[in-house]
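Next come the chains, spelled out residue by residue.
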Amino acid sequence: YTPRLIILDSWQRCSTLHVNPSRRYAPLAVAREAQLEHVRNENDVLIRAAAQMTAHLNAFLADSGYVIVLSDAHGCLLEVVGDLTILRRLARIDFVPGGNWSEAAAGTNAIGTALADGHVVQLMAAEHYCDGWQDLTCTAAPIRHPFTNEIVGVLDVTGDYRLIRPFLTNSLATAALEIQQRMRTLLITGSREERQRSLENNAVRLPDSISEPGMNTTNEDRYDKREIQDVHQGNGRQSQFDLQHYY
């Protein structure tokens, strides 16, 4: 077996980063629930945008031995849901909310390598750099900001290595695009609501009384007209995602 180029590149990065290949569990990015809550709050739009897709994948892959995972842009796991048996198994290697699955922390793995490489990644067994997760298969797709195109997180499915399914690469890529589109909608809606609140808070009010004839007015009595430029929302294409197509 000759490792693929994406795997060789990742292994080289891990070696440069001095990742321990004998590692049996990943480090935690956050150690306390309050810290995890802070990270989740910082990624609130991402979490809300991914909620429907995560639930869809969870229902589609129910009782299949997979978990569905959402991470932030640094590899910190935000959500891990799915099959209870594999959830308990993964908890032993700290594949849990708050776990750090960047390449620097956990070596070659789908989440960390998708963040580093910027593409959809599917790994199985010994392609993982560290011994502790060579009995797993994982498929991950980076999620990009709808306006800046920067990677803001990763959507991943992970299970026993014998459950590898090649179709999941296309499925996860499509799902990540759906989440990106949902983020766009949430950001535009939030921006519009924020502008409306700002306008309401700064609305020009007429004075309670009108100046008597001949009374001098000061600069404070003058009211400047405010020009408001409407920002029109583009017609975003609503793509459709149906995993049953791949089943």
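A brief report on the enclosed structure follows. Values in this document were obtained by computation on a predicted structure and should not be read as measured data. (Residues numbered from 1 in each chain as written. Predicted model: local features only at pLDDT ≥ 70, side-chain atom pairs only at ≥ 80, totals over all residues. Heavy atoms only, no water.)

1. So, the packing of aromatic side chains
Quick note on the threshold: Working definition: rings of Phe, Tyr and Trp (its six-membered ring) pair if their centres are within 6.5 Å, and the pair is stacked with planes under 30 degrees apart, edge-to-face with planes over 60 apart, and tilted otherwise. Think of it in three bands: residues with accessible area under 20% of the maximum for their type are buried, residues over 50% are exposed, and the middle band is partly exposed, with areas taken using a 1.4 Å probe on protein chains only.
Applying the stated criterion to the full structure yields two aromatic pairs. With 4.9 Å between their ring centres and 70 degrees between their planes, Phe95 and Trp101 make a pair best called edge-to-face. Given the relative accessible area of 5%, Phe95 is considered buried. An aromatic cluster of at least three residues, connected via ring pairs, comprises Phe95, Trp101 and Trp133.

2. What to know about the nonpolar core
For clarity, the threshold we go by: Put simply, a nonpolar core is a bunch of buried Ala, Val, Leu, Ile, Met, Phe, Trp, Tyr and Cys residues held in one set by side-chain atoms that sit within 4.5 Å of each other. Numbering of helices and strands runs from the N terminus; a helix is a DSSP stretch of H or I covering at least four residues, while a strand is a stretch of E covering at least two. We call two residues contacting when some pair of their heavy atoms lies within 4.5 Å.
In terms of nonpolar packing, the biggest core is built from 29 residues, with Phe95, Trp101, Ile111 and Trp133 touching the most fellow members. Secondary structure elements with two or more residues in this core: α1 (5-16), β1 (66-72), β2 (77-82), α4 (84-91), α6 (110-117), β3 (121-124), β4 (136-144) and β5 (151-160). Per-element tally for this core: the top contributor is α6, with four residues. In this structure Trp133 touches Arg23, Arg24, Tyr25, Ala26, Ile93, Trp101, Ala106, Thr108, Ala125 and His128, once residues within four positions along its chain are discounted. Counting residues in each nonpolar core, the second largest holds 28 residues, with Ile47, Ala49, Val157 and Ile179 among its members.

3. So, the sheet that holds β2
Put simply, the rule is: Paired strands are those between which DSSP finds at least two bridges. For every element, the axis is a line fit to its C-alpha atoms; helices are fit only across the contacting stretch, and the angle between N-to-C directions ranges from 0 to 180 degrees.
Strand order across the open sheet formed by five strands is β2-β1-β5-β4-β3, with antiparallel pairing between neighbours. The open sheet has two edge strands with one neighbour each: β2 and β3. The average undirected angle you get between the axes of adjacent strands in this sheet is 15 degrees. Judged from the nine bridges that link them, β4 and β5 form a sheet pairing that is antiparallel. Bridging from a neighbouring strand, Pro142 pairs with Val154 of β5. Where helix α3 (residues 44-60) meets the sheet, it contacts β1, β2, β4 and β5, and its direction lies at approximately 170 degrees from that of β1. Those strands touched by α6 are β1, β2, β3, β4 and β5, and its axis lies near 150 degrees from that of β5.

4. Comments concerning α6
At 3.6 residues per turn, the α-helix brings residues three or four places apart onto the same side. Rule in force here: Pairs of N or O atoms within 3.5 Å make up the polar contacts considered here, provided that, within protein, one atom can donate a hydrogen while the other can accept it, and that residues adjacent in sequence are counted only when both atoms are side-chain atoms.
Of all eight residues that make up α6, six are buried, and the element is covered over most of its length. Taken as a whole, α6 has its buried residues at Ala110, Ile111, Gly112, Thr113, Ala114 and Leu115. Its side-chain oxygen placed 3.2 Å from the backbone nitrogen of Ile111, Asn109 serves as the N-cap of α6. Within two residues after α6, Gly118 carries a phi angle of roughly 80 degrees, on the positive side.

Spatial relationships are all this shows, so hold off on functional conclusions.
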